[in-house]
Amino acid sequence: MHKELLATSANGLPVFYDPMGSHAATHFADTPQLKGLVQEILAGTVLDGPQMIFETDLGRIIGTTDLVVNEEGDVIVYAKRKNRSEYTLFNKSKGPQPSSVVTIFVKEIDGVYELITAWVGGVAPPFPGDVN
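Bear in mind the structure is a predicted one, so any value in this text is a computation, not a measurement. (Residues numbered from 1 in each chain as written. Predicted model: local features only at pLDDT ≥ 70, side-chain atom pairs only at ≥ 80, totals over all residues. Heavy atoms only, no water.)

**Q** Help me understand the nonpolar core, please; the structure alone is not making it clear to me.
**A** Side chains of nonpolar character tend, in soluble globular proteins, to be buried together. By size, the foremost hydrophobic cluster in this structure holds 23 residues, and its most contacted members are Val38, Leu42, Val102, Ile104, Val106 and Leu115. Taken together, the elements giving at least two residues each to this core come down to strand S1 (4-8), strand S2 (14-17), helix H1 (23-30), helix H2 (34-43), strand S3 (51-57), strand S8 (101-109) and strand S9 (112-120). With five residues, the single largest contributor to this core is H2. Dropping the residues within four chain positions of it, Val38 is found in contact with Leu6, Phe28, Val102, Ile104, Leu115 and Ala118. (Core = buried A, V, L, I, M, F, W, Y, C linked by side-chain atoms within 4.5 Å. Buried < 20%, exposed > 50% of the residue type's maximum accessible area, 1.4 Å probe, protein only. Helix = DSSP H or I, 4+ residues; strand = E, 2+ residues; numbered from the N terminus. Contact = heavy atoms within 4.5 Å.)

**Q** Where do I start with the sheet that holds S3 in this structure?
**A** Hydrogen bonds between backbone atoms are what pair the strands of a sheet, whose relative direction is either parallel or antiparallel. Ordered in space as S1-S2-S9-S8-S3, the five strands form an open sheet in which the pairing is mixed. What marks the edges here is a single partner per strand, and that holds for S1 and S3. Here the strands of the sheet are splayed against their neighbours by 35° on average, with no regard to which way each runs. Two elements, S1 and S2, share four bridges in a ladder whose sense is antiparallel. Directly across from Glu4, in S2, lies its bridge partner Tyr17. Of the strands in this sheet, S1, S2 and S9 touch H1, which is tilted by about 40° from S9. (Pairing = 2+ DSSP bridges. Axes fitted to C-alpha atoms, helices over the stretch in contact; angles between N-to-C directions.)

**Q** How should a nonpolar patch on the surface be read in this particular structure?
**A** Taken together, the side chains of Ile76, Tyr78, Tyr87 and Leu89 define a hydrophobic patch exposed on the protein surface, amounting to about 410 Å² of accessible area. Going through the elements one at a time, strand S5 (76-80) and strand S6 (87-91) are the ones with two or more residues in the nonpolar patch. The residue Tyr87 is located in strand S6 in this model. A relative accessible area of 51% means that Tyr87 is categorised as exposed. (Patch = residues over 30% accessible without salt bridge, like charges linked within 9 Å, V, L, I, M, F, W, Y side chains within 5 Å. Areas by Shrake-Rupley, 256 points an atom, 1.4 Å probe, with all protein chains shown as cover. Salt bridge = Lys/Arg side-chain N within 4 Å of Asp/Glu carboxyl O.)

Next comes the structure, spelled out in structure tokens:
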């Protein structure tokens, strides 16, 4: 697994990520502007503790989120997303919604921070079976 320096936090801690096999890489490929937004947010964030998951509202629409409210009558399917081992629920009745929020999940591993994932949209509970 290849790790690449992504950003340096406000308190001078490097943040790495796997540009090929990580959840973050999948989201960066889907939403090209996300990587720069994550770098900007991390540069202004003090990192502390073994892991952090947080959302930042940038005050402007920066993309779309697939996290939608499911309602009775919606067409639901389950599938595995790229670089995932768990099945994910997909709502085929609703399209992506505009969002001004970025969610970031970082974890301290062997003394440095690693970006586990980031996405456009708010914090959501982990998928069933997800170790994070």
